Amino acid sequence: MLIPQLLKEDGVYNLYVDGKPYIALAGEIHNSSSSGLKYMEGKVWPYLKGLNLNTVILPIYWELIEPEQGEFDFHLLEGLIEQARHENVRLVLLWFGLWKNGNSTYVPGWVKRDYKTYFRAVNERNEPLNTISPLCRSAVEADANAFIRFMTHLKKIDGDQHTVIMVQVENEVGLLGSDRDYSEYANAEFNRPIPTVIESCYNTSGTWEEAFAENAAEYFMAYQYARAVEEIASAGSKIYPLPLFVNAWLEQFPWRPGTYPSGGPIAKVMKLWKAAAPTICLYAPDIYLPKFTEICEEYTANNENPLFIPEARRDVVSATNVFYALGKHDALCFAPFGIEDLLTPPSDEGGGIDMNVLMALNIDMSSFNTNGTGKYLAKSYELLGNMLGVIQKYRGTGKMTGFLKNNDRGCTLSFSKYDLKVSYKFSKEGQPVSGGLVIEVSDHEFILAGIGFSVEFLPKRGDKSKVSFIRIEEGKFVKDEWVRDRVLNGDEAGYSLGIGHNPAVLRMEMYKYQ
Ligand code: DGJ
């Protein structure tokens, strides 16, 4: 079987798994859940069953893989893969190596204790940070060595079956607590001329300050992290070339590098990262902020990066956001974070998250409100999971789009023979907001899927025809085949023709008359 790969074909990003295009309807589990196989059996897998996921995103930890220097233990990796096969889902693994949310908390004890060899970044006051410096050669080499061993073992146990389809290298890298490393060593590098790869990428020259002025610290750190990640990723990729990606803690208020991880792959420095880390196949935003549409736009600008969301907020908007991400931006993955909580009864809650942690991570509290999310997301995933082949067929054709309520009341979408007026329904607390996707199957036929909206087809501007429907069908896709239920040509097709607060899909054939 072919190794999973990400290709850009005629301008469309396709992720191939076992030779077929793949879209991940996923969820990421809490940071510590996959450190215990028993915990996974009791507290995670049972609550993922009802969510209709095809992919689970979970961490794998350097400290548990190489507890003593040079001694490797892969029983956890083997057990997780076995469990995933049993549950019939694919895995995306997160390599928690040198950096996790900017910090170096997942490195093995022998690395932590030897802080002279594996030295830390320091702030302007020369105080050490809890982050091993990306300029520390010994640390990057040690991580790369462990990553090679991990990829070697992964290839051995999964090289035929491909339960693991992708690996994220590190997690939300960047420096927290300072805009750059101010160690003597880093200062010397900072005052050198920028590397030629950055010179040609930005068509500039001189020192970092001369080239990037007030952004110098952040761009310098971006280069240092990208180079370190490239060294680790390329070492593993030579052994087993799975698609490797990185994720970003997004730039946000108070907008200063160091309050979000400085040098991490935020959209602004993606160009630099691409030049310095060619092994990385995509840049993934972790979206907890409310401005979902803007972030999707940013990360897909100029079609230079596919949309892949390994962490999304887990309040009820998730159930709608997934339609928008797939319909409008051809997303390859959508995954709310802490997915095991969504269907877990409060009495059985385990490794959740404390609100103080969210404050420290600058995460909007409302994004962690799971009230109602599980039941709606399960329906969205069930519906979409049965039409992934249909969605795949229309990705990149210009015949599929998406919409999502922001602060507006509706939108108008333009198709070849009609305009489509979409009006958003009012949603109560605990109900998903309005949004969906539309596919123009032919000039007169449409598929509409989503939540909470009504529609009206209009003639194009200047066209004097009247518009009406041949028929409107309610139904669902089953393994990409349309199975109709009611035909809605009566009262239901009147003014409020559309979809209520439960995820649903309609097929319509329209016509014009004069
Ligand atoms: C983003 C990180 O990438 C995750 O590992 C996790 O820490 C969440 N934030 C918040 O729980």
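Scroll up to find the structure.
Just so you know, these numbers come straight off a predicted model, no measurement behind them.

Colleague: Let's hear about unusual backbone geometry: which residues, and what values?
Modeller: The omega angle of the peptide bond from F253 to P254 is 5°, so this bond is cis rather than trans. Mapped onto the elements, P254 comes out in the loop between strand 10 (244–249) and helix 10 (270–276). Positive phi values are uncommon outside glycine, yet D18 reaches one of about 50°. Secondary-structure assignment places D18 in the loop between strand 2 (12–17) and strand 3 (20–21).

Colleague: Can you explain the sheet that holds strand 23 (residues 504–513)? Please cite residues and give values.
Modeller: Read from one edge of the open sheet, six strands run 14-17-18-23-20-21, paired in antiparallel fashion. Edge strands, defined here as strands with exactly one partner in the open sheet, are strand 14 (400–404) and strand 21 (481–487). Averaged over all pairs of adjacent strands, the angle between strand axes in this sheet comes to 30°, irrespective of strand direction. Summarising the sheet, strand 20 (residues 466–478) and strand 23 pair through nine bridges and their orientation is antiparallel. Paired with V467 across the strands is K512, a residue of strand 23. On the sheet, helix 12 (residues 318–329) packs against strand 14, strand 17 (435–440) and strand 18 (445–451) and is oriented at approximately 145° with respect to strand 14.

Colleague: So what's going on with the sheet that holds strand 4 (residues 24–28)? Residues and values would help.
Modeller: Overall, parallel pairing links the eight strands, which are arranged 4-5-6-9-10-11-12-13 in a closed barrel. Between one strand axis and the next, the sheet turns by 30° as a mean value, whatever way the strands run. Of the pairings in the sheet, the one linking strand 11 (residues 280–287) to strand 12 (residues 308–312) comprises two bridges and is parallel in character. Paired with D286 across the bridge in strand 12 is E311. Helix 5 (residues 137–158) contacts strand 5 (55–61), strand 6 (90–100), strand 9 (164–171) and strand 10 of the sheet and is inclined by roughly 165° relative to strand 6. On the sheet, helix 12 packs against strand 4, strand 12 and strand 13 (333–336) and is oriented at approximately 165° with respect to strand 13.

Conventions we followed
- Residues numbered from 1 in each chain as written.
- Predicted model: local features only at pLDDT ≥ 70, side-chain atom pairs only at ≥ 80, totals over all residues.
- Heavy atoms only, no water.
- Helix = DSSP H or I, 4+ residues; strand = E, 2+ residues; numbered from the N terminus.
- Pairing = 2+ DSSP bridges.
- Axes fitted to C-alpha atoms, helices over the stretch in contact; angles between N-to-C directions.
- Contact = heavy atoms within 4.5 Å.

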